[in-house]
Amino acid sequence: MDISSDSTLLVSGSADRNIKLWGLDFGDCHKSIFAHDDSIMCVQFVPDTHLFFTGGKDKKIKQWDGDNFEHVQTLEGHHGEVWCLAISPNGDHVASSSHDKSLRLWERTEEPLVLQEEREMEREKEFEESIAKGEQTTIPGEAASAETGMAGKKTIETVKAAERIMEALELYKEETTKLKEHEIQCKLQKKKLPPPKMHPLLEVYGNLTPKKYFMQVLKKVKSSELEESLLVLPFNYILDLLPLLENYISSGLEVELCCRCLFFLLRIHHGQITSNQLLLPVIEKLRHGTIQKVTELRDTIGFNMAGLQHLQRELEAGQEVQFFADATGRLKEKKKKRKKTEAKAVLAMAT
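Read on for an overview of the structure. Quick caveat: nothing in here was measured; it's all calculated off a predicted structure. (Residues numbered from 1 in each chain as written. Predicted model: local features only at pLDDT ≥ 70, side-chain atom pairs only at ≥ 80, totals over all residues. Heavy atoms only, no water.)

Concerning the environment of Ser 5
Right, on to step 1. Of note, Ser 5 is situated in the loop between strand 1 (2-3) and strand 2 (9-13).
Right, on to step 2. The spatial distance from the C-alpha of Ser 5 to the C-alpha of Asp 48 is 5.3 Å, given a sequence separation of 43 residues.
Right, on to step 3. Among all residues touching Ser 5, those that are not within four sequence positions of it are Pro 47 and Asp 48. (Helix = DSSP H or I, 4+ residues; strand = E, 2+ residues; numbered from the N terminus. Contact = heavy atoms within 4.5 Å.)

Looking at the environment of Asp 65
Right, on to step 1. Structurally, Asp 65 can be placed in strand 7 (residues 60-65).
Right, on to step 2. The exposure class of Asp 65 is buried, given its relative accessible area of 15%.
Right, on to step 3. Ignoring sequence-local partners within four residues, the contact set of Asp 65 consists of His 50, Leu 51, Glu 70 and Val 72.
Right, on to step 4. Of the polar contacts made by the side chain of Asp 65, one reaches the side chain of Asn 68; its length is 2.8 Å. (Buried < 20%, exposed > 50% of the residue type's maximum accessible area, 1.4 Å probe, protein only. Polar contact = N/O pair within 3.5 Å; in protein donor to acceptor, adjacent residues only side chain to side chain.)

A closer look at the state of the cysteines
Right, on to step 1. Under the criterion given, the structure shown has zero disulfides.
Right, on to step 2. You can see Cys 42 has no disulfide; the closest cysteine sulfur is in Cys 84, sitting 6.4 Å from it. (Disulfide = S-S within 2.5 Å.)

Here we look at helix 6 (residues 235-251)
Right, on to step 1. Compared with the 24 Å implied by 1.5 Å per residue over 17 residues, the 25 Å span of helix 6 between its first and last C-alpha is a close match.
Right, on to step 2. Looking only at helix 6, the buried set comprises Phe 235, Tyr 237, Ile 238, Leu 241, Leu 242, Leu 244, Leu 245, Glu 246, Tyr 248 and Ile 249.
Right, on to step 3. Gly 252 sits one or two residues past helix 6 and shows a positive phi near 75°. (Expected span 1.5 Å × (residues − 1).)

Here we look at the environment of His 288
Right, on to step 1. Topologically, His 288 is positioned in helix 9 (residues 280-350).
Right, on to step 2. Taking the C-alpha atoms as reference points, His 288 and Ser 250, separated by 38 residues in sequence, lie 9.5 Å from one another.
Right, on to step 3. A polar contact of 3.0 Å, which involves the side chain of His 288, links it to the side chain of Glu 284.

Observations regarding the sheet that holds strand 11 (residues 103-107)
Right, on to step 1. Read from one edge of the open sheet, three strands run 9-10-11, paired in antiparallel fashion. Either end of the sheet is taken by a strand with one partner, and the two such strands are strand 9 (82-87) and strand 11. Within this sheet the neighbouring strands show an average axis-to-axis angle of 20°, counted without direction.
Right, on to step 2. Looking at chain direction, strand 10 (residues 93-98) and strand 11 are connected through five bridges and run antiparallel. Along strand 11, the bridge assignment pairs Ser 97 with Leu 103. (Pairing = 2+ DSSP bridges. Axes fitted to C-alpha atoms, helices over the stretch in contact; angles between N-to-C directions.)

Thoughts on unusual backbone geometry
Right, on to step 1. The residue Arg 17 is not glycine, and still its phi comes out positive at about 70°.
Right, on to step 2. Its identity as a non-glycine residue notwithstanding, Lys 190 has a phi of 55°, on the positive side.
Right, on to step 3. On the secondary structure map, Lys 190 appears in the loop between helix 2 (156-189) and helix 3 (200-204).

As for the nonpolar core
Right, on to step 1. Counting 40 residues, the largest nonpolar core has Phe 214, Leu 230, Leu 233, Leu 241, Leu 242 and Leu 245 as the members making the most contacts within it.
Right, on to step 2. Elements with a minimum of two residues in this core: helix 2, helix 4 (210-220), helix 5 (226-232), helix 6, helix 7 (255-268) and helix 9.
Right, on to step 3. For Leu 242, the contacting residues outside a window of four places in its chain are Leu 262, Leu 265, Ile 273, Leu 279, Val 282 and Leu 286.
Right, on to step 4. Listed in part, the 11 residues of the second largest apolar core include Leu 9, Ala 35, Ile 40 and Trp 64. (Core = buried A, V, L, I, M, F, W, Y, C linked by side-chain atoms within 4.5 Å.)

Quick word on the packing of aromatic side chains
Right, on to step 1. For the coordinates displayed, the defined rule picks out two aromatic pairs.
Right, on to step 2. Taking the centre distance of 5.5 Å and the plane angle of 65° together, the rings of Phe 45 and Phe 52 count as edge-to-face.
Right, on to step 3. For the pair Phe 214 and Tyr 248, a centre-to-centre distance of 6.4 Å together with 10° between the ring planes defines the contact as stacked. Of this pair, Phe 214 sits in helix 4 while Tyr 248 sits in helix 6; the two residues are 34 residues apart in sequence, bridging distant segments of the chain. (Phe/Tyr/Trp six-rings, centres within 6.5 Å; stacked < 30°, edge-to-face > 60°.)

Overview of the side chain of Glu 246
Right, on to step 1. Topologically, Glu 246 is positioned in helix 6.
Right, on to step 2. With no salt bridge to any partner, buried Glu 246 finds its closest opposite charge in Lys 285, at an N-O distance of 5.1 Å.
Right, on to step 3. With residues up to four places along the chain from it excluded, the contact list for Glu 246 reads Val 282, Lys 285 and Leu 286. (Lys, Arg positive; Asp, Glu negative; His and termini not counted. Salt bridge = Lys/Arg side-chain N within 4 Å of Asp/Glu carboxyl O.)

Concerning the sheet that holds strand 6 (residues 51-56)
Right, on to step 1. With respect to topology, four strands assemble into an open sheet ordered 5-6-7-8, the strand pairing being antiparallel. Each edge of the open sheet carries a strand with a single partner, namely strand 5 (40-45) and strand 8 (70-76). Ignoring strand direction, the axes of neighbouring strands in this sheet form an average angle of 20°.

With respect to the pattern of salt bridges
Right, on to step 1. The tally for this structure, following the rule as stated, stands at eight salt bridges.
Right, on to step 2. For Lys 178, the salt bridge is made with Glu 175, and the minimal N-O distance between the two is 3.2 Å. Of the two residues, Lys 178 and Glu 175 are both situated in helix 2; the distance of three residues between them amounts to about one turn of the helix.
Right, on to step 3. The exposure class assigned to Lys 178 is partly exposed, which follows from its relative accessible area of 31%.
Right, on to step 4. Glu 175 gets classed as buried once you look at its relative accessible area, which sits at 6%.
Right, on to step 5. Across the pair Lys 293 and Glu 296 runs a salt bridge whose closest N-O atoms are separated by 3.7 Å. Of the two residues, Lys 293 and Glu 296 are both situated in helix 9; the distance of three residues between them amounts to about one turn of the helix.
Right, on to step 6. A relative accessible area of 18% means that Lys 293 is categorised as buried.
Right, on to step 7. Take Glu 296: its relative accessible area is 37%, and that puts it in the partly exposed class.

Here it is in structure tokens:
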């Protein structure tokens, strides 16, 4: 525990991980705050203020505002439990000792501290930690099993991949809307107008069309993270993604990748997709187009496999002929050498 310099506040911390602020005028508890993830080992007021620091077994040092009951900032650097704190008389320095056998000196800087930014950074960190420690996502309609499951789980990479897919979808929608509006204006004015300015990202990638740009983004997602990235997408993005996949499949562009995405989305969002009347024409097109394109792709692969097997047999047959041709040539050379040696032996015996 510690008492402020003006003797109006008392702060206490304990193993229940809470700090309590007490008013010394009437002895009442002003506020109880859940402060650390483990036992609180030390508390210390900054001289001449109602700001105070706490240290805990969770390896963190935290600063608090005793008037507004707010968390100001967190100081992280120790690798063990924080045992005690000491603050300089002017409040510019904080010394801390830890179970990791280290002393650390913290210095106040001139950089302004914005509490909203600190809260935002803490929320982002908590979100990333929850993702890293998150439970395995369960596909609706499938029983969770301890032995079998998806090959992976939601990570920061899959969330970032999902964000890139959503951004690419938004860009595709914006650019296609601009192109449609341009076509309408050309028809109304009955002349060819200059095309609208392309998005800077499309210009950077060499004036790609929005359709090709989205496919590039989708192809860059790691194969092991594709399903988890699609699982993170909100359903309103699925409504835009299904017609785009139908467009890709009907064009014969990356049929295998599109079918993989399509079948996974249908399996995950089957109930919502089948109950949406707007998606019925798209699903009907996908049903016919997917079967046709997959059949064509299978026939192409079968034809290529048959061609490769024919070339392999031709190559093996040619190698066998060459092998026997070399063998007969060597046999003839051996016979010639034998005849020469026999002739020399006969001449030697005659002499």
